[in-house]
Amino acid sequence: MKLIYYLCVLNCLLFSKEVIAKAQPLELSNQNKDELIFLREYYQIAKADTDVSDAPYYYSTDFIFKPFSAIKELEAGAVYWVKMPLVTAANLRDNRYVLSFSNLTFVDLYLYEGSELLTHKKNGAFRPRSQIFSDDKRFQFSLDLEPSKEYTLLFRVEHIKGYTPYIDFYLENWSVHGKLTKDTELTDAFLLGAVIALLIYIALSWIVTRFRPYIWIFCFLLSLGLYSYALHPEFIDYFFPEDPKLGWALLPSLQRLGTISFYLLMIDFLNLKKLSISAYKGAIIIMSMVAFLSAISFIYSYHTGNFRQINVLTFAMGVINISFLTITFIRLWPKIDKTQKFLVFGIVLFVVGILVLIFGALLFKERLLLFIPMITLLSITVITILFLIGIRLKLRMIEEEQIELLEDNNRMQKEHNESIEQKVMDRTAELLEANLILEDQRIELLEKNQFIETLIDEVNHRVKNNLQLLYSLSSMSSMEKEDAPAMLSMRDRIRAMMLVNQLLLEHKGEEIDLEELVLESARKLQYVYDPGNLIHVHCQVEPNCCVQPKVSLPLGIILTELITNSYKYAFLNGKQKDPTIFLHFWKAGEILHFVYEDNAIDVSVDRASGSLGISLIKDLVRQVKGTIVLNLENRFRYEFKFPLNYGFTGIDC
């Protein structure tokens, strides 16, 4: 873009009238309406007086101004006033002009006709958009000049970025400016379109392949593409119209984000951690430095407005990047494959871009911002294409390796299958022979099981008959008066044994539900001792609790003794209203609790001790590893505790 300006100036000097002196006014005629005028050859400059800031003073005072060529170097941060006379020809047909400049932070334009101030406009990189005229842009003023007029352009220039101000005003005919702007916009639009197309391609490629390096390329291209676009004043006007300094301070963060994405791509695509642990650690350190520099530069630039010092650190960081990348890939070049070498080519171009920016900053200083958007877009487009070529070749190589590996696996699988088929045939023959042997053994076991079941049924039948015989004998003996009480007790105990034996037979020797055992025992005894149901039996049993065969018989006898004791001795006098027997079973931790009590009024100590039944209960409790506590304070109450791990379970039966 700068080259176009210089060519236009040269054309102006060759075909327009000769400039008589720098202090003489510039003449705009109809003949040069299509030309661009580089104003530096015509204006005079003066450093602002710290005590005077009024434009009329500088307009009317000529002796403080000097020709531009007499100023060796401008001071950074100082305020300068620039004056330039301007004369328009009588035959001037196009009176619309554009006055443009580059990167200055604050510029005030005073347009005088004679001694009359026609307009005062404000502009500049840090100027809030509300202070800029609607028909002006951040780095250009629009002027309406009439024929046969004598004008004076007076500028107040203040540049606070830390750089020496580069004062370069250009006066362009509106049509010339439109052509140049259109060409520049077309170039930018073409490059931005290429970047957007690449971003879409990368996103679709990642969706299809899920290859992670595509993410880092996308971030790299997006960050630097946004950085290039954000250098245009339109971006600042749209997102940061009233605080443009914030926008300019944020822009380098996008560039550094692109650098971090570049290093992430290098680490991932080259598998740098496996290839060289020292290079991997170095890349991590540099990314940390870049992130830290990004935060520091934003804070410092925004609060001080001194962009120059931060840019010095940025260029120093660029030297570090170049050194690290050069040393790293000289060492790793023999270890990487041909697909990864495309990444190296992109890195070389990345290094070249950094060198161009460094040398450009040394030569052009802040004017380099004019070239950065186009250089950045062109560089990242070429670099991204190289990266994509490398990744595509890498994916193709992986695909070919997978196909080759699949073919090898298929061949090995085929050979293995043939071997397996033969082994299966041999093994099948062996299994058939073994199955015949197992079938003979199964038949033999079935015959033995049937014989054992027959013996068990016979034993159970005999036990049942023997118990029935004992019960009958005890019933007959109880008819004799002398032994009647003892025989009755014996008969009740035999009945309890018969009940438990019957339940075991029904459950085929497996566990018995505790609730079923308790309810069945209570029902049988109530049928014998209380056929009229005068005494209520209240049973509350913990659900899902079972009793093993080794515990069911002792527990059944205990229940029989307790219930029988209540029926015989608790409610003989008939004084008790609503006589009730309470049986309560519940689990607490690893213990099964059993409380037996009745609401008899007369609680006799003789009833709870000394009898054969009570002694039998205590022996049976010890047999099942339980404990017993007798409480006679208010009621006849037994408290039992049985360990669940001895014959009692909390699992569903």
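See the structure printed just above.
Rules behind the numbers
What you see as residue numbers is a count from 1 along each chain, following the sequence as written. The predicted nature of this model means local features are confined to residues of pLDDT at least 70 and side-chain atom pairs, given and counted, to a pLDDT of 80 or more, with totals for whole chains, interfaces and linings taken over all residues. Heavy atoms from the whole structure form the basis of all side-chain values; hydrogens and water molecules are not counted. Two joining distances apply to patches: 9 Å for like charges and 5 Å for nonpolar side chains (Val, Leu, Ile, Met, Phe, Trp, Tyr), and every residue must have over 30% relative accessible area and no salt bridge. Residue-level accessible areas treat just the shown protein chains as cover; the underlying method is Shrake-Rupley with a 1.4 Å probe. Whenever a carboxyl oxygen of Asp or Glu lies within 4 Å of a side-chain nitrogen of Lys or Arg, that contact is scored as a salt bridge. Each helix is a run of DSSP H or I of at least 4 residues and each strand a run of E of at least 2, with the numbering of both proceeding from the N terminus. Each aromatic pair joins two rings of Phe, Tyr and Trp (for Trp, the six-membered one) with centres within 6.5 Å, and gets the label stacked for planes under 30 degrees apart, edge-to-face for over 60, and tilted for any other angle. Here's how the labels work: a residue is buried when its accessible area is under 20% of the maximum for its type, exposed when over 50%, partly exposed in between, all with a 1.4 Å probe on protein chains only. One less than the number of residues in a helix, times 1.5 Å, gives the span that helix is expected to have. Paired strands are those between which DSSP finds at least two bridges. Note on method: axes are straight lines fitted to C-alpha atoms, helices fitted across the in-contact stretch only, with angles between N-to-C directions ranging 0 to 180 degrees. In this description, contact between two residues means that some pair of their heavy atoms is separated by no more than 4.5 Å.

Q: Help me understand a nonpolar patch on the surface in this model?
A: Taken together, the side chains of I196, I200, L204, I207 and V208 present a nonpolar region at the surface, about 510 Å² in accessible area. Tracing the backbone shows I207 in helix α3 (residues 174-209).

Q: Just to check I follow, could you spell out the packing of aromatic side chains for this structure?
A: The description of an aromatic ring pair uses the distance of the two centres, along with the angle that the planes make with each other. Tallied over the full model, the rule gives 24 aromatic pairs. Seen from their ring centres, F106 and F126 are 6.3 Å apart, and the 80° between their planes marks the pair as edge-to-face. With F106 in strand β7 (residues 106-113) and F126 in the loop between β8 (116-123) and β9 (140-144), the pair connects residues that are 20 residues apart, well separated along the chain. Owing to a relative accessible area of 18%, F106 belongs among the buried residues under this scheme. Centre to centre, the rings of F585 and F594 are 4.0 Å apart; their planes meet at 5°, and the pair counts as stacked.

Q: Would you explain helix α14 (residues 549-569) in this entry?
A: In an α-helix, one full turn covers 3.6 residues, which means residues spaced three or four apart are oriented alike. Under the 1.5 Å per step criterion, the end-to-end length of α14 is 31 Å for 21 residues, consistent within 8% with the ideal 30 Å. Most of α14 sits out of view: 16 of its 21 residues are buried.

Q: What is the right way to read the sheet that holds strand β13 (residues 536-540) from this model?
A: Backbone hydrogen bonds are what pair the strands of a sheet, in a parallel or an antiparallel way. In space, the five strands of this open sheet follow the order β13-β15-β16-β18-β17, with mixed pairing throughout. Unpaired on one side and paired on the other, β13 and β17 (627-631) mark the two borders of the sheet. Ignoring which end each strand starts from, the neighbouring axes of this sheet average 10° apart. Pairing analysis gives five bridges linking β17 to strand β18 (residues 636-643), with the strands arranged antiparallel. Paired with I628 across the two strands is F640, which belongs to β18. Those strands touched by helix α13 (residues 514-529) are β13, β15 (580-588) and β16 (591-598), and its axis lies near 175° from that of β13. Its contacts with the sheet place α14 against β13, β15, β16 and β18, and it is angled at close to 20° to β16.

Q: Just checking my understanding: could you explain the pairing of β7 for this structure?
A: Across the eight residues that make up β7, a large majority, seven, are buried. Taken together, the eight bridges between β7 and strand β10 (residues 150-158) define a ladder with antiparallel strand orientation. Looking at the pairing, D108 lines up with R156 of β10. As defined by bridge partners, β7 adjoins β8 across seven bridges and the pair is classed as antiparallel. Residue pairing for β8: E113 is matched across the bridge by E116. Between β7 and β8, which follow one another and run antiparallel, lie two residues, and G114 among them has a positive phi close to 70°.

Q: Got a minute to help me understand unusual backbone geometry in this structure?
A: Residues other than glycine predominantly adopt negative phi, and peptide bonds predominantly adopt the trans conformation. Look at S148: it is not a glycine, yet its phi comes out positive at around 55°. By the secondary structure assignment, S148 is in the loop between β9 and β10. The exposure class of S148 is partly exposed, given its relative accessible area of 49%. The phi dihedral of N271 is positive, around 50°, even though this residue is not glycine. Note that N271 resides in the loop between α6 (244-269) and α7 (272-275).

Fair warning: the whole summary comes from geometry, so function is off the table for now.
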